[in-house]
Amino acid sequence: MKRIYHNINLVERNSFGVRQMASTLVEVESADDLRQLFTEERPTKWYVLGAGNNTLFTKDYDGMLITPVGRGIEILDDDGERVVVRVEAGYDWDELVAWSVEQGLWGIENLSAIPSSVGAAPVQNIGAYGAEAKDAITVVEYFDTNKLEVVRLENKDCSFAYRESVFKHELKGVAIILAVELELHRTAKPNLGYGDVIKEVEARGGATLKNIRDAICAIRASKLPDPKVLGNAGSFFKNPIVGAEVAEALLKEYPEMPKYPVPNSSDKVKLAAGWLIDKAGLKGYRSGSVGVHERQALVLVNHGGATGDDVIRLSKMVCDAVKEKFGVEISPEVNIL
Ligand code: EPU
């Protein structure tokens, strides 16, 4: 059953908390709802708004926002070790992580406390603490708005990469994700290689699923602002990927600069945008109602009453400052509408 809203205020539906309106917003539960919508209403301008954690509205939206709200979860297969789970797009990502931890299933515990719906997870290929959604997602089920049919796309065909997928490119404006299938495991497989994770896990008594989840929730809470308190969209910028020679030149000047390898690419290096912004002197910077978060420079925040344009102005200023100091281009990971 779909539910249609007209002239709806989006303030409660975007984690930045900007006040913009949408002419129409439709909540859909199933493929049948979408088939009916695209047969009868045939929207020409539409955008999928999940939980609104990664979208910045800079103006009122004059098309149709489509929010999948299906929250089904079912185990499709369980051979005693490998468990395949199907979860619908409207399920909250962190509730899914909590569920898998309670069931004793390994695979997504490092992705605890990421604000996202399940449907948005493959689009962004959400990632944190050395894990990415693509490591567990085996199939993405979507509604093809051109063919009006449901498609099951396997992981290998999703073009997953760092904060990237086919859903941001070839299937943008075509696919509406209905559900994902994940492969989880009963055999313990702790992934503790990133930053402070091992220290925090050991402080809690060792690498159990619950300790890892608790450690990651605590690390995130200590660095990242709660969108319910301070509007934000998590990391505003992607970590930039630069040529190895660019990184080497910067490392001569800044030997302490964090850097990460890029999988399958020996001539490229990923830099930490948060570090670059911090070293450009902008951590905690505030301009009116918007600012750079004081504990994590990668996050832009709404101190109250900011418009999307205020955030964009700050974002441009931050990009220019990083470019000027380091010669490195950084760009938003947030979708700007
Ligand atoms: N750093 C600073 N100053 C800052 C921020 C970071 O010096 O203000 C340094 C840190 O000390 C560290 C490095 O930069 O050496 C990287 O920082 P951190 O480990 O906090 O992670 P990140 O690269 O800033 C990424 C993801 C986060 C994810 C964390 C943990 C992106 C764009 N962001 O941040 O994801 O939680 O790693 O894995 O890849 C998100 O996408 O919304 C998000 C929060």
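About the thresholds
- Residues numbered from 1 in each chain as written.
- Predicted model: local features only at pLDDT ≥ 70, side-chain atom pairs only at ≥ 80, totals over all residues.
- Heavy atoms only, no water.
- Helix = DSSP H or I, 4+ residues; strand = E, 2+ residues; numbered from the N terminus.
- Rg over C-alpha atoms; globule rule 2.2 N^0.38 Å.
- Buried < 20%, exposed > 50% of the residue type's maximum accessible area, 1.4 Å probe, protein only.
- Contact = heavy atoms within 4.5 Å.
- Areas by Shrake-Rupley, 256 points an atom, 1.4 Å probe, with all protein chains shown as cover.
- Lys, Arg positive; Asp, Glu negative; His and termini not counted.
- Charge placed at Lys NZ, Arg CZ, Asp CG, Glu CD.
- Axes fitted to C-alpha atoms, helices over the stretch in contact; angles between N-to-C directions.
- Parallel < 35°, antiparallel > 145°, perpendicular 65-115°, else oblique.
- Nonpolar A, V, L, I, M, F, W, Y, C, P; charged D, E, K, R; others polar.
- Core = buried A, V, L, I, M, F, W, Y, C linked by side-chain atoms within 4.5 Å.
- Phe/Tyr/Trp six-rings, centres within 6.5 Å; stacked < 30°, edge-to-face > 60°.
- Lys NZ or Arg CZ within 6 Å of the ring centre and 35° of its normal.
- Polar contact = N/O pair within 3.5 Å; in protein donor to acceptor, adjacent residues only side chain to side chain.
- 1 Å grid on protein atoms, 1.4 Å probe; cavity = no way out; pocket = protein on both sides within 12 Å on 5 of 7 lines; lining within 4 Å.
- Points joined across faces, edges and corners; volume = space filled by probe spheres on them.
- Domains from an automatic or database assignment.
- Buried area = accessible area lost by both parts, 1.4 Å probe.
- Salt bridge = Lys/Arg side-chain N within 4 Å of Asp/Glu carboxyl O.
- Near = heavy atom within 4 Å.
- Arc of directions from axis to C-beta.

**Student:** Just to check I follow, could you spell out the overall build of the protein chain for this structure?
**Tutor:** Along the protein chain, the regular secondary structure elements total 8 helices and 20 strands. Taken over C-alpha atoms, the radius of gyration comes to 20 Å for the protein chain, in line with the 20 Å a tight globule of 337 residues would show. Here the protein chain, with 337 residues, has 52% of them falling under the buried criterion. At a minimum sequence separation of 6, the contacts of the protein chain that also span at least 24 residues come to 61%. Summing over all exposed atoms, the protein chain offers an accessible surface of approximately 15,800 Å²; the carbon and sulfur share of this is 48%. Each charge class in the protein chain can be summarised by its mean position, and for the 40 positive and 49 negative side chains these summaries are 4 Å apart.

**Student:** Where do I start with the packing of helix 2 (residues 93–102) against helix 5 (residues 209–223) in this structure?
**Tutor:** Pairs of packed helices are described in terms of their axes, by the angle between the two and the distance that separates them. One can describe the packing of helix 2 onto helix 5 by two numbers: an axis separation of 9 Å at closest approach and a directional angle of 155 degrees. Between helix 2 and helix 5, the angle falls in the class roughly antiparallel. In contact with Asp-94, Val-97, Ala-98, Ser-100 and Val-101 of helix 2, helix 5 contributes Leu-209, Lys-210 and Arg-213. The class makeup of the residues in the contact of helix 2 with helix 5 is 4 nonpolar, 1 polar and 3 charged.

**Student:** How do you make sense of the nonpolar core when you look at a structure like this?
**Tutor:** Note that soluble globular proteins tend to have their nonpolar side chains buried in a common cluster. Core analysis: the largest hydrophobic core is formed by 46 residues, its most contacted members being Trp-93, Leu-96, Ile-108, Phe-167 and Leu-182. When contributions to this core are tallied by element, the ones reaching two or more residues are strand 7 (82–88), helix 2, strand 10 (137–144), strand 11 (149–154), strand 12 (175–185), helix 4 (197–203) and helix 5. If near-sequence neighbours (up to four positions away) are discounted, Ile-108 is found in contact with Trp-93, Leu-96, Val-97, Ser-100, Ala-136, Leu-182 and Leu-184. Counting 44 residues, the second largest nonpolar core, distinct from the first, contains Ala-22, Leu-25, Leu-282 and Val-311.

**Student:** Where do I start with the packing of aromatic side chains in this structure?
**Tutor:** What describes a pair of aromatic rings is the distance from one ring centre to the other and the angle between the planes of the rings. All told, the structure shown has 10 aromatic pairs when counted by the stated rule. Taken together, a centroid distance of 5.8 Å and an interplanar angle of 45 degrees make the contact between Trp-275 and Phe-326 tilted. With Trp-275 in helix 7 (residues 273–279) and Phe-326 in helix 8 (residues 308–326), this residue pair connects regions lying 51 residues apart in the sequence. Like Phe-326, Trp-275 is buried. A network of ring pairs unites the aromatic residues Phe-16, Phe-236 and Phe-237 as a single cluster. Sitting over the ring of Tyr-5, Arg-13 keeps its end group 5.2 Å from the ring centre.

**Student:** Teacher, can you tell me more about the environment of Lys-238 here?
**Tutor:** Note on placement: Lys-238 falls in the loop between strand 13 (231–232) and strand 14 (241–243). When the C-alpha positions of Lys-238 and Ser-331 are compared, they lie 6.1 Å apart, and in sequence the two are 93 residues distant. With sequence-adjacent residues up to four places away left out, Lys-238 is seen in contact with Tyr-162, Arg-163, Glu-164, Ala-273, Ser-331, Pro-332 and Glu-333. At 3.3 Å, the side chain of Lys-238 forms a polar contact with the side chain of Glu-164.

**Student:** Quick question: what am I supposed to make of the layout of surface pockets here?
**Tutor:** Any space left empty among the atoms is revealed by the rolling of a water-sized probe across them. The computed volume of the second largest pocket comes to approximately 300 Å³. Considering the residues around the second largest pocket, the lining is formed by 16 residues, among which Trp-106, Gly-107, Asp-135, Ala-136 and Lys-189 are closest to the centre. Looking at the lining of the second largest pocket, the elements with two or more residues in it are strand 9 (131–132), strand 10 and strand 12. Looking at the lining of the second largest pocket, its residues break down into 4 nonpolar, 7 polar and 5 charged.

**Student:** Can you help me understand the domain arrangement of the protein chain in this one?
**Tutor:** The parts lose accessible area when they come together, and the size of an interface is often stated as this lost area. When the domains of the protein chain are assigned, the result is domain 1 (3–68), domain 2 (73–185) and domain 3 (231–336). Here domain 2 and domain 3 have C-alpha centroids that lie 27 Å from each other. Taken together, the contact between domain 2 and domain 3 spans 4 residues of the former and 6 residues of the latter. In total, domain 2 and domain 3 occlude about 500 Å² of area from one another, counting both sides; carbon and sulfur atoms represent 36% of this. When residues of domain 2 are sorted by the area they lose upon contact with domain 3, Gln-124, Tyr-162 and Arg-163 head the list and together hold 81% of the total. Counting every contact that joins domain 2 to domain 3 gives 2 salt bridges. For Arg-163, the salt bridge goes to Glu-333, with nearest N and O atoms at 2.9 Å. At the junction of domain 2 and domain 3, the tally comes to 3 residue pairs in polar contact (both at pLDDT 80 or more). Counted by class, the side of domain 2 that touches domain 3 contains 1 nonpolar, 1 polar and 2 charged residues.

**Student:** Help me out: how do you make sense of the site of the ligand in this one?
**Tutor:** Residues in close proximity to the ligand total 24 residues, the closest being Tyr-129, Tyr-162, Arg-163, Asp-278 and Gln-296. Residue Ser-235 places a main-chain N or O atom 2.8 Å away from an oxygen atom belonging to the ligand. Here an oxygen atom of the ligand sits 3.1 Å away from a polar atom, N or O, in the side chain of Gln-296. For the ligand, whose free accessible area comes to 810 Å², the fraction covered by protein is 82%.

**Student:** Just to check I follow, could you spell out helix 1 (residues 31–41) for this structure?
**Tutor:** One turn of an α-helix holds 3.6 residues; hence residues three or four places apart share an orientation. All of the buried residues along helix 1 are Ala-31, Asp-33, Leu-34, Leu-37 and Phe-38. Down the axis, helix 1 shows its buried residues gathered within 155 degrees of arc, on one side only. Seen from the buried face of helix 1, the exposed residues on the opposite side, beyond 90 degrees, are Asp-32 and Glu-40. In this fold, the buried residues of helix 1 make contact with strand 2 (21–28), strand 3 (46–48), strand 5 (61–68), strand 10, strand 11 and strand 12. At the exit of helix 1 stands Arg-42, carrying a positive phi of roughly 45 degrees.

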